[in-house]
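Survey of secondary and tertiary structure
Now for the letters of each chain:
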Amino acid sequence: MFHPKWRAMFALTTLGVVGLLGGLPNNPVTAQEKQDTSLSVADFKKLAKELHVKNQPWATVPWKVSVSEARQVAAKEKKPIFLVVNTGNCLGFV
Amino acid sequence: MYAREAVLNDPEIVKLVRQHFVAIAVDNTNNINLTPVEREWLSDKGGKACTQGMSVFTAGGKLLGVGGGFKAEGNLQMLQQALKKFRPEDEPTEVTALNEKDRDAVAQPPEGGLVLYVSWKVLGGYDTPAKPGTEAHAYQNGLGIDRLWVRKDEAEALVEGRFPDSLKKRMLRYHVSDVFQKVKDIDIAYHDGRVSGSFRSGSKGEAGSALGFVETKDGKVTRLDLLLKGRGERVKSHGFMAGLEIVPDGKSVPVALFFSLADPKDDLSRLPPHRTWRQLETYLR
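Residues numbered from 1 in each chain as written. Chains lettered and ligands numbered in written order. Predicted model: local features only at pLDDT ≥ 70, side-chain atom pairs only at ≥ 80, totals over all residues. Heavy atoms only, no water.

Examining the overall build of chain A
The cut-off we apply is this: We count a stretch as a helix when DSSP gives it H or I for four or more residues in a row; a strand needs E for two or more, and each element gets its number in order from the N terminus. To sort residues, take the accessible area from a 1.4 Å probe on protein chains only and compare it with the maximum for the residue type: under 20% means buried, over 50% means exposed, and anything in between is partly exposed.
Helix and strand content of chain A: four helices and one strand. Helices and strands appear in chain A in the N-to-C order α-α-α-α-β. Here chain A holds 94 residues, and the buried ones make up 43% of them.

Things to note about unusual backbone geometry
Trans is the common state for peptide bonds, and a negative phi is the common state for residues other than glycine. All names here are of chain B. If you check the backbone angles, Lys182 has positive phi at about 55° while not being a glycine. By the element assignment, Lys182 lies in the loop between helix H7 (165–180) and strand S6 (186–191). Not every positive phi belongs to a glycine, and Ala242 is a case in point at roughly 55°. Looking at the element boundaries, Ala242 is found in the loop between strand S9 (220–232) and strand S10 (253–261).

Quick look at the sheet that holds S6(B)
All names here are of chain B. For the record, the criterion: A pair of strands is treated as paired once DSSP finds two or more bridges between them. For helices, the fitted line uses only the C-alpha atoms of the stretch in contact; every axis is such a line through C-alpha atoms, and the angle between N-to-C directions lies from 0 to 180 degrees.
The seven strands lie next to each other as S5-S4-S10-S9-S8-S7-S6, forming an open sheet whose pairing is antiparallel. The open sheet has two edge strands, strand S5 (144–150) and S6, and neither has a second partner. Mean inter-strand twist for the sheet, computed between neighbouring axes without regard to direction, equals 15°. Pairing between strand S8 (residues 206–217) and S9: nine bridges, direction antiparallel.

A look at the interface of chain B and chain A
The extent of an interface is frequently quoted as the accessible surface area lost upon association of the parts. Formally: We call two residues contacting when some pair of their heavy atoms lies within 4.5 Å. Note: buried area is the sum, over both parts, of the accessible area (probe 1.4 Å) each one loses when the two are combined. In the sections that follow, a salt bridge refers to a side-chain nitrogen of Lys or Arg positioned within 4 Å of a carboxyl oxygen of Asp or Glu. Pairs of N or O atoms are called polar contacts if they sit within 3.5 Å, as long as, within protein, a hydrogen donor faces a hydrogen acceptor (for residues adjacent in sequence, only side-chain-to-side-chain pairs).
Taken residue by residue, the interface counts 97 residues in chain B and 64 residues in chain A. Taken together, both faces of the contact between chain B and chain A bury some 7,200 Å²; the carbon and sulfur share is 64%. Contact with chain A buries surface across chain B, with Val22(B), Ile24(B) and Arg200(B) losing the most and accounting together for 11% of the total. The tally of links from chain B across to chain A stands at six salt bridges. Linking Glu33(A) and Arg200(B) is a salt bridge whose minimum nitrogen-to-oxygen distance equals 2.5 Å. One can count 30 residue pairs in polar contact (both at pLDDT 80 or more) joining chain B with chain A.

Quick word on the environment of Gly250(B)
Residues and elements named next belong to chain B. Mapped onto the elements of the fold, Gly250 is located in the loop between S9 and S10. Relative accessible area serves as the criterion here: at 81%, Gly250 is assigned to the exposed category. A C-alpha to C-alpha distance of 9.2 Å links Gly250 and Ser203, two positions 47 residues apart in sequence.

Let's talk about H7(B)
For an α-helix, 3.6 residues make a turn, and residues three or four places apart therefore share a direction. Residue and element names in this part refer to chain B. Put simply, the rule reads: The span you would expect from a helix comes to 1.5 Å times its residue count less one. One fitted axis covers the seven residues ending at a residue, a second covers the seven starting there, and the bend at that residue is the angle between these axes.
Here H7 is 16 residues long, yet its end C-alpha atoms lie only 19 Å apart, well below the 22 Å a rise of 1.5 Å per residue gives. Maximum bend of H7: about 50°, positioned at Leu172. Listed as buried for H7 are Leu167, Lys168, Arg170, Met171, Leu172, Tyr174, His175, Val176, Val179 and Phe180. A positive phi of about 65° marks Gln181, the residue just after H7.

Here you go:
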């Protein structure tokens, strides 16, 4: 129905508008978007505290990651060993 | 993640384990932190558990209890009963070391490099907040975790005021793209110890930000914290991606990803990153 030339111009114009709005996945983030999504130092401090591995309750346990070392410590301190086995380490990627 | 959140984060279990046990976590399948001899030694002490298991035994090898699963209560009882059975007077004060053959099979961080803790979390956006104590609650509120290794030359570049491209690409390849999805690049600026950046993610190319801090002393990196915040979409990965596993299809939610320098003396820092398994050379390139 429309001349190919007009269809091409329409497509290019649409891409340009979408690009200006920063809506294409690979376009650089615009200055406005940076302003809208910027992280403040306060945001950083709050989220860093929430996400830090060492702030998690389970991380306050002095975990061993070597069976041999755990056995030596357990014998010396006269304690039993608590083993957690996982597909993917429970203290690592899982 | 579920066992970590539901069981290992339980306050009573944390208290009991800290006071009365030597705790160890092993991966017996994906990134095995055991030598062959250690695997064999553990095989009748709960070491063959599939997916997830917990057990208690003495340094000498006497099994005291077996548990596992994703409920704190049952594992707490198992730990308490194992303690009652434990006879320290019957146990040796030293143990014969297991054969150290193939210790090299457990990957180690690069010499002179750095280890970063990696963690991520969905910050909200679920349609319905889950009830505490449920699996959904554990996923909604749980952290995903891993490690990242930094080469010696990359650490030196940071000291010299450069954020190395190879490090940025490793972060992107193994973590940023997983957590935020479809991220082609991160635009990073590093100046006077401050890292800032931006990126696009997801099917809609939504903008995200990065902010971080690097401190150095005597030619060494003493602090490296980098936080990224953006939008994430659902990731199906057999439960490995924490809260991202239960994001409703077609929706994006706010997500944060955090890298932080680990103390190499901390045993938790010694677990290898997930993607080092059988591809260490590729991982560090």
